[in-house]
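An overview of the molecular structure
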Amino acid sequence: MVLISGINILDQWVVKAALQYHFYGIGPNVAARLCAKLSIHPTARLSSLSHPTVTALTFEMSKLKLDTDLKKELTDNLERLRDLGTYRGRRHAQGLPVRGQKTKKQVMCARRLNCLNRRG
Amino acid sequence: MALTSCWRCLRLPRLLNAPANRVVLHPLPLRPRSAPFTTASALLANPPKKQNSGQGHQKAIMAKQKTTTNKYHHKKKKMDVSAKQLFEIGERKRIRKNIVLSNTSAPVVPLPEMMLDICGRGETEGTVFQIPDSVLDSLKALGAFKTGQHWPYFQRPSTLVRKGSVEIGKLISWINEEGIAEGEERYARRILDGTRGSGRSIVLAQAMNWAIQSNWVVIAIPDAQELVIGHTEYEFDPAWSLWVQKEYTAALLGRILKANSTVLGRLEPVEDHKMGKTETSPSTLAKLVNIGVQDPQISNDVFMALLKELSTPGRPPVLFALDNLGQISLPSAYRDTAFELIHAHDLALPNTFLSYLSGASRFPRGLTLAATSSVCSKTKDLTHALRGVEHGPWDKVDERIAKSVEGAGLVELEKLSKEEVKAIMEWYNAGGVLRQPVTIESVTEQYAISSGNPKELFRNCLRLKY
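Residues numbered from 1 in each chain as written. Chains lettered and ligands numbered in written order. Predicted model: local features only at pLDDT ≥ 70, side-chain atom pairs only at ≥ 80, totals over all residues. Heavy atoms only, no water.

Below, the discussion takes up the pattern of salt bridges. What the rule picks out here adds up to 22 salt bridges over all chains. Counted as one network, the salt bridges with shared partners bring together Lys37, Glu60 and Lys63 of chain A. (Salt bridge = Lys/Arg side-chain N within 4 Å of Asp/Glu carboxyl O.)

Structure representation (structure tokens):
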């Protein structure tokens, strides 16, 4: 197990994939950039990383807004919109489409996603 | 007395109408009542659910509602950590790269051995020779044999000597010549070129065979693609201002040591090399190389020290070979800290090889040999540089490519002649690959179908007919 930014991850994970899977806010692009910054090749596994590299990776990740912080930012933004009484805020609160989609028929995505404590 | 039947229609009541001794052949179990409008058989239906009632049931419903507040919310599947992997890490690659050099089921073909005495002799052109057993281990260590070649079909690994092989053989004989004046340099640079399946890698293996027999130091990068596709560790080395691949270099040093252990074991270093954890300078070059194998952190320094040692006068000749040159004439898959692609020429190993190929660095006696690649299709700059074609006015030109191969001679592997096709077919026939007899007609037919390409010829002969 390797401890990265407070999360224990199994050794056999490929570094880039592990970052993408375990951290909200890291996708293919951010993961590739993080790896490039520390000269970690695209097929490197966590087991092959040295201790200084793991520390450096954790340090680089501490500069980013990830996980709960990022989710908090999202909910804060939605709450701000709602408090201002904007159309977008209201539609989010109602769980309806925000960008002018019709609501006569299916609005599955909006029902699933649009709410004030949106999951991401 | 009342009538038992209806007097109007004279029908009997249902009970009396039924046969008295009715036999039920397939007694059905008690089954649930099916829905009135369904056409599906009630037998196919699932058993009815137990009707729960009471407080426990209400509690379960409440708990369910609590957990799934949003019916569109799907839980992420948990990874099954306990599941056993089908293959260990790296096992599939080992299977894929496994080289089989001998087929014990194939008949033995008596062929002359490819010894040093035939090196560079024109009369051997068009003859099939078998590679001597004494060099097989070294060649295998150097990665001279590739998967997808004809080795697993024959009892002994054998190859055809062609015009290109003779040309390279002549160079090796020229460098091997005795009685060279002191200070005279005998260094050659060649690039093997040809179409797909024209036998560039085989000629490279033949050159290595003769070099090992001549007691040269042979350094070979068997597949340049491994250096650039981003599968090995890399880091920037400020001392060399290059990106070094320490793990790959350590593995390369291991292969060099395995293939040249006797030659390197005899050579003593000229300079002191106190590297890594060793306190004393190694007594032989083999020990120096071993330091790099043991400690990958200093493998690049050891490799450069080895090349420097071999570049001093009085050393045995060196064969520096690389297969798939096209792969290192492109930007690599690696990225620098600013997320820019690293050019293959900025990687330490390709850079070192190209410095020897372009003549910037030289051995006093030696041969640098590269083979172009057909797998890599985007090497327009290299193709133009080799053929001397001018670029179009709107072409994006990579200036570094032409400089990297400047002055290196081109050895073109042309298509096989009819005599060579006949020699190969006779060998295939004796080796059990080709069943049909070798006649003028069959040779002409195979020559026409394969258009003189060795790989195509082998495939056509191998294919079962009728």
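This structure, assessed with the given rule, holds 15 aromatic pairs over all chains. An angle of 65 degrees between the planes, with centres 5.2 Å apart, marks the rings of Phe236 of chain B and Trp243 of chain B as edge-to-face. Residue Phe236 of chain B is classed as partly exposed on the basis of its relative accessible area, which comes to 41%. Given a relative accessible area of 10%, Trp243 of chain B falls into the buried group. Put simply, the rings of Tyr153, Phe154, Trp427, Tyr428 and Phe458 of chain B touch in pairs and so form one group of aromatic residues. Across from the ring centre of Tyr24 of chain A, 4.9 Å away, lies the NZ or CZ of Lys71 of chain A, which sits over that ring. Arg335 of chain B extends its terminal NZ or CZ atom over the ring of Phe339 of chain B, reaching a point 4.2 Å from the ring centre. (Phe/Tyr/Trp six-rings, centres within 6.5 Å; stacked < 30°, edge-to-face > 60°. Buried < 20%, exposed > 50% of the residue type's maximum accessible area, 1.4 Å probe, protein only. Lys NZ or Arg CZ within 6 Å of the ring centre and 35° of its normal.)

All names here are of chain B. With respect to topology, five strands assemble into an open sheet ordered 4-7-10-3-11, the strand pairing being parallel. The open sheet has two edge strands with one neighbour each: strand 4 (217-221) and strand 11 (409-412). Within this sheet the neighbouring strands show an average axis-to-axis angle of 20 degrees, counted without direction. With seven bridges joining them, strand 3 (residues 186-193) and strand 10 (residues 365-371) adopt parallel strand pairing. Residue pairing for strand 10: Ile191 is matched across the bridge by Ala370. Contacting strand 3, strand 4, strand 7 (318-323) and strand 10, helix 6 (residues 200-213) runs over the sheet at an angle of about 160 degrees to strand 7. (Pairing = 2+ DSSP bridges. Helix = DSSP H or I, 4+ residues; strand = E, 2+ residues; numbered from the N terminus. Axes fitted to C-alpha atoms, helices over the stretch in contact; angles between N-to-C directions. Contact = heavy atoms within 4.5 Å.)

Moving on, we get to the interface of chain B and chain A. Interfaces are frequently sized by the accessible area removed from exposure as the parts join. In this assembly, 19 residues from chain B lie in contact with 20 residues from chain A. Between chain B and chain A, a total of about 1,600 Å² is buried, with carbon and sulfur atoms accounting for 62% of that surface. In this assembly, chain B and chain A are joined by zero salt bridges. Where chain B touches chain A, the interface holds one residue pair in polar contact (both at pLDDT 80 or more). For the side of chain B that touches chain A, the residue count by class is eight nonpolar, six polar and five charged. (Buried area = accessible area lost by both parts, 1.4 Å probe. Polar contact = N/O pair within 3.5 Å; in protein donor to acceptor, adjacent residues only side chain to side chain. Nonpolar A, V, L, I, M, F, W, Y, C, P; charged D, E, K, R; others polar.)

Let's shift gears to the nonpolar core. Residue and element names in this part refer to chain B. Residues Ile219, Leu264, Phe303, Leu310, Phe320, Leu325 and Leu357 are the most contacted members of the largest nonpolar core, which totals 53 residues. Counting residues per element, this core draws most heavily on helix 11 (residues 299-310), which supplies seven residues. In contact with Leu325, not counting residues within four places along its chain, are Ile191, Phe353, Leu354, Leu357, Ala370, Ala371, Thr372, Ser373, Leu382 and Val405. In this structure, Leu142, Val161, Leu369 and Ala371 belong to the second largest nonpolar core, which totals 43 residues. (Core = buried A, V, L, I, M, F, W, Y, C linked by side-chain atoms within 4.5 Å.)

In this structure, Glu60 of chain A sits in helix 3 (residues 51-62). Judged by relative accessible area, Glu60 of chain A falls into the buried class, the value being 13%.

Residue and element names in this part refer to chain B. Position of Ser442 relative to the elements: it lies in helix 16 (residues 440-450). The class of Ser442 is buried, set by a relative accessible area of 4%. Within polar-contact distance, the side chain of Ser442 engages the backbone oxygen of Pro437 at 3.2 Å. Excluding residues that lie within four positions of it along the chain, Ser442 makes contacts with Met425, Gln436 and Pro437.

Attention now goes to the packing of helix 8 (residues 246-259) of chain B against helix 11 of chain B. Residue and element names in this part refer to chain B. For the pair helix 8 and helix 11, interaxial distance at closest approach is 8 Å and the crossing angle is 45 degrees. Our classification of the angle between helix 8 and helix 11 gives oblique. Every pair of crossing elements has a handedness; the one defined by helix 8 and helix 11 is left-handed. Only Ser299, Asn300, Val302, Phe303 and Leu306 of helix 11 make contact with helix 8, whose side of the interface consists of Lys246, Thr249, Ala250, Leu252, Leu253 and Ile256. Class assignment for the residues of the contact of helix 8 with helix 11 results in seven nonpolar, three polar and one charged. (Parallel < 35°, antiparallel > 145°, perpendicular 65-115°, else oblique. Left-handed = near helix turned anticlockwise from the far one by under 90°.)

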